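Each chain is listed here by its residues.
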Amino acid sequence: MAPESRSRVHGEPGRLLVFEGLDGSGKSTQARLVSRWLGARGYRVFFTEWNSSELVSDTIRRGKKKGLLTPTTFSLLHATDFADRFERHILPPLRAGYLVICDRYAFTAFVRDAARGCDPEWVRSMYSFAPTPDKTFYFRVPVAVSLRRKIASRQKISYYEAGMDLGLAAEVETSYERFQNRLKREYERSVDRDGFTIIEADRPVERVHAQLRHEIRPLLDGFPTEAKLIRADESVAS
Amino acid sequence: MRTRALRASTYGTRLPGLPREPLTGRLIVIEGADGSGRTTEVGLLRDWLEIQGHPVVESGLRRSTLVAEQIDRAKQGHTLGGTTLALFYAVDFADQLENKILPALAAGSTVLADRYIYTLMARAIVRGASRAWAEKLYSFALKPDLVLLLDAKPDVLLHRSIGKYGSLDYWESGMDLSLSRDRFESFFLYQARLAAEIDWMVKEYGFYKIDANRSPNAVHADVRRLVQQIYKDGVDRSRPAPAPGPVNGRARRAAAA
């Protein structure tokens, strides 16, 4: 691989594009659309999302039942999960020269753990093995929009998702809203430090997507193409 | 009764959401490689402390109710990467710290830890983590009152290890590091690397080294002498603890806190 085609941010041949934001900000929809677009244009794309693995969801279930999870163990457990995902699904394709599209990255942990009261510098240092992305899109939406979309999706709001462990409110939806407010505050605080590209996501999906294409195009200069779209979940299905 | 503030007594990172009650118990850590006589010494020390009227709670590695089983399962498959495994151990440690060690100390018990963050840091570092990363990761850990390092020569460890298991354990030989396909050779290479990491911690964290090439009774006599000190220190809190042996600035500040 010619040195000039390596990322100037992390030095690997691939590129790392990260989609961050609150639940219901539309980042997952856009991450998928972007993956399809890049795949169709002939780039080697690897899509990966941070859904809790079996290991973590099992442990969280146990911990919740026994009332054992604290902000520290919760944070460490997710770091373990991320490290596993990173060592399996992010670093290898990045080294192999893929465009790696991440629906959530370490920033999700930074904001969530800070909102739970963990020492932010401690959390960041834990994730220092994760390279800085070439581009991080922060999908900014009002908390009310996030909440509305969450309720409209009819997904059950989980105990930890709502931050119920923090005792913010007795009622799930109220707790969820307060917790999202905290998360949003932490995201906003990270904008400069982490060099987020802000995507005003309370707009029609197609307009948001047009902006993303515009932001991504310059990153593709001189990047090799090869028609292939691989998704993390497909690659492990066999 | 002595008390200490939680914040002052970790290695720098605050633990969120914990009661601010004073910790009146004592935390004693026994470190040492497999075959250094740790388990024997923990047993002897526990008996001795209890006879003197100090309630004892034991902790160790991979004993948390939260993830111990999962770690065992993951190790069977040998599939986790170095960073992942290091963090997994940290979950186990944090769970024991918060749900076992701290409550016991708050209740005034003595916690006898059969290994602590030091072994975990050493293992992570020999598997590729940086010292800075490992130290920061475990900076939420409580500073012990006393860390005893049972120091034995590699050939002594080897014979005790073979004597105990009848063979050399896969993990204790560091086979996952591919240092050598020969387990005997890998054992020596791995233990040397671990020892090198423990070695810089001796000064940095103020360990008391005990020559563990001797009989359990000789080792135990030394251990008693050192352990006695930390109970004496508790009687008169108006003066700083006398430091028998090489105590560095960090450990001294901790003793004063």
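Residues numbered from 1 in each chain as written. Chains lettered and ligands numbered in written order. Predicted model: local features only at pLDDT ≥ 70, side-chain atom pairs only at ≥ 80, totals over all residues.

**Things to note about the overall build of chain B**
Right, on to step 1. Tallying secondary structure elements over chain B gives 9 helices and 5 strands in all.
Right, on to step 2. Ordered by position from N to C terminus, the α and β elements of chain B give β-α-β-α-α-β-α-α-β-α-α-β-α-α.
Right, on to step 3. For chain B, with 257 residues in total, the buried portion stands at 41%.
Right, on to step 4. Residue pairs in contact within chain B that sit at least 24 positions apart in sequence constitute 75% of those at least 6 positions apart. (Helix = DSSP H or I, 4+ residues; strand = E, 2+ residues; numbered from the N terminus. Buried ≥ 20, exposed ≤ 12 C-beta atoms within 10 Å, placed from the backbone. Contact = placed C-beta atoms within 7 Å.)

**Details of the overall build of chain A**
Right, on to step 1. Of regular secondary structure, chain A possesses 9 helices and 6 strands.
Right, on to step 2. Taking all 238 residues of chain A together, 45% fall into the buried category.
Right, on to step 3. Sequence-distant contacts, at least 24 apart, represent 78% of the contacts inside chain A between residues at least 6 apart.

**Describing the nonpolar core**
Right, on to step 1. Formed by 124 residues in total, the largest nonpolar core has its most connected members in Val100 and Ile101 of chain A together with Ala90 of chain B.
Right, on to step 2. Of all the elements, helix α3 (residues 82-106) of chain B adds the most residues to this core, at 14 residues.
Right, on to step 3. Setting aside chain neighbours within four positions, we find valine 100 of chain A in contact with Gly14, Arg15, Leu16, Leu17, Phe46, Thr48, Ile90, Pro93 and Leu94 of chain A. (Core = buried A, V, L, I, M, F, W, Y, C linked by C-beta atoms within 7 Å.)

**Quick word on the environment of valine 100 of chain A**
All names here are of chain A.
Right, on to step 1. Here valine 100 is to be found in strand β3 (residues 99-103).
Right, on to step 2. Assessed through the 27 C-beta atoms surrounding it within 10 Å, valine 100 is described here as buried.
Right, on to step 3. Considered as a pair, valine 100 and lysine 27 are 73 residues apart in the sequence and their alpha carbons are 15 Å apart.

**Some points on the confidence of the model for chain B**
All names here are of chain B.
Right, on to step 1. For chain B, per-residue confidence averages 85 on the pLDDT scale, and 85% of positions sit at 70 or higher.
Right, on to step 2. In the predicted structure, residues 235-257 sits below a pLDDT of 50 and forms 20 contacts with residues beyond four places in sequence or in another chain.
Right, on to step 3. The complex prediction reports pTM at 0.86, with the ipTM value standing at 0.84. (pLDDT = per-residue confidence, 0-100.)

**Remarks on the environment of glutamate 54 of chain A**
All names here are of chain A.
Right, on to step 1. Among the secondary structure elements, glutamate 54 is positioned in helix α2 (residues 54-66).
Right, on to step 2. Take glutamate 54: there are 9 C-beta atoms within 10 Å of it, and that puts it in the exposed class.
Right, on to step 3. As a C-alpha pair, glutamate 54 and leucine 17 span 37 residues in sequence and 25 Å in three-dimensional space.

**Quick look at helix α7 (residues 183-204) of chain B**
Because an α-helix completes one turn every 3.6 residues, residues spaced three or four positions apart along the sequence face the same direction.
All names here are of chain B.
Right, on to step 1. Over its 22 residues, α7 runs 32 Å from end to end, which matches the ideal 32 Å to within 8%, given 1.5 Å per residue.
Right, on to step 2. Turning to α7, its buried residues number three or more, namely Ser186, Phe187, Tyr190, Gln191, Ile198 and Met201. Taken down its axis, α7 places every buried residue within 115 degrees of arc, on the same side. Relative to its buried face, α7 has exposed residues pointing more than 90 degrees away, namely Glu185, Ala196 and Trp200.
Right, on to step 3. Buried residues in α7 make contact with α4 (117-126), β4 (146-151) and α6 (154-165).
Right, on to step 4. One or two positions beyond α7, positive phi appears at glycine 206, with a value near 65 degrees. (Expected span 1.5 Å × (residues − 1). Arc of directions from axis to C-beta.)

**Description of unusual backbone geometry**
Across the chain, the bulk of peptide bonds are trans and the bulk of non-glycine residues have phi less than zero.
Right, on to step 1. Here the phi dihedral of arginine 104 of chain A falls at roughly 80 degrees; this positive angle occurs in a residue that is not glycine.
Right, on to step 2. Here arginine 104 of chain A shows up in the loop between β3 and α4 (106-115).
Right, on to step 3. One non-glycine residue, serine 178 of chain B, lies in positive phi territory at about 55 degrees.
Right, on to step 4. Looking at the secondary structure, you find serine 178 of chain B in the loop between α6 and α7.

**Topic: the interface of chain B and chain A**
One frequently used descriptor of interface size is the decrease in accessible area upon assembly of the parts.
Right, on to step 1. Across the boundary between the two partners, chain B contributes 26 residues, which contact 26 residues of chain A.
Right, on to step 2. At the level of elements, α3 and α5 (131-137) of chain B are the ones that each hand at least two residues to the side of chain B that touches chain A.

**Re the packing of helix α3 (residues 71-95) of chain A against α3 of chain B**
To characterise two packed helices, one gives the angle between the axes of the helices and the distance between these axes.
Right, on to step 1. Look at α3 of chain A against α3 of chain B: their axes get within 8 Å of each other, and the N-to-C directions meet at 170 degrees. By the angle between their directions, the pair α3 of chain A and α3 of chain B is classed as roughly antiparallel. Here α3 of chain A contributes Thr72, Thr73, Leu76, Leu77, Ala79, Thr80, Ala83, Asp84 and Glu87 of chain A to the contact with α3 of chain B, which in turn contributes Thr83, Thr84, Leu87, Phe88, Ala90, Val91, Ala94, Asp95 and Glu98 of chain B.
Right, on to step 2. Split into classes, the residues belonging to the contact of α3 of chain A with α3 of chain B amount to 9 nonpolar, 5 polar and 4 charged. (Axes fitted to C-alpha atoms, helices over the stretch in contact; angles between N-to-C directions. Parallel < 35°, antiparallel > 145°, perpendicular 65-115°, else oblique. Nonpolar A, V, L, I, M, F, W, Y, C, P; charged D, E, K, R; others polar.)

**Quick word on the sheet that holds strand β2 (residues 56-60) of chain B**
Residues and elements named next belong to chain B.
Right, on to step 1. The strand order across the open sheet formed by 5 strands is β2-β3-β1-β4-β5, and the pairing between neighbours is parallel. Looking at strand neighbours, the two that pair on one side only are β2 and β5 (208-211), the edges of this open sheet. Pairwise comparison of adjacent strand axes, ignoring direction, gives a mean angle of 25 degrees for this sheet.
Right, on to step 2. With 4 bridges joining them, β4 and β5 adopt parallel strand pairing. (Pairing = 2+ DSSP bridges.)

**Thoughts on the packing of helix α6 (residues 143-152) of chain A against helix α7 (residues 172-193) of chain A**
Residues and elements named next belong to chain A.
Right, on to step 1. Between α6 and α7, the shortest axis-to-axis distance is 10 Å and the interhelical angle comes to 135 degrees. As summarised for this structure, α6 and α7 are arranged oblique, according to the angle between their axes. Regarding α6 and α7, the two cross each other, and that crossing is right-handed. Along the contact surface, α6 presents Val143, Ser146 and Leu147, while α7 presents Tyr176, Glu177, Gln180, Asn181 and Lys184. (Left-handed = near helix turned anticlockwise from the far one by under 90°.)

**Structural notes on the pairing of strand β3 (residues 110-114) of chain B**
Note on strand geometry: in a regular strand, side chains alternate between the two faces of the sheet.
Residues and elements named next belong to chain B.
Right, on to step 1. Across the 5 residues of β3, 4 count as buried, placing the element largely inside the fold.
Right, on to step 2. Relative to β3, strand β1 (residues 26-32) runs parallel, the two being bridged by 5 bridges. When the bridges of β3 are listed, arginine 26 appears paired with threonine 110.
Right, on to step 3. One ladder, built from 5 bridges, connects β2 with β3; its direction is parallel. Its bridge partner lying in β3, serine 59 is registered against alanine 113.

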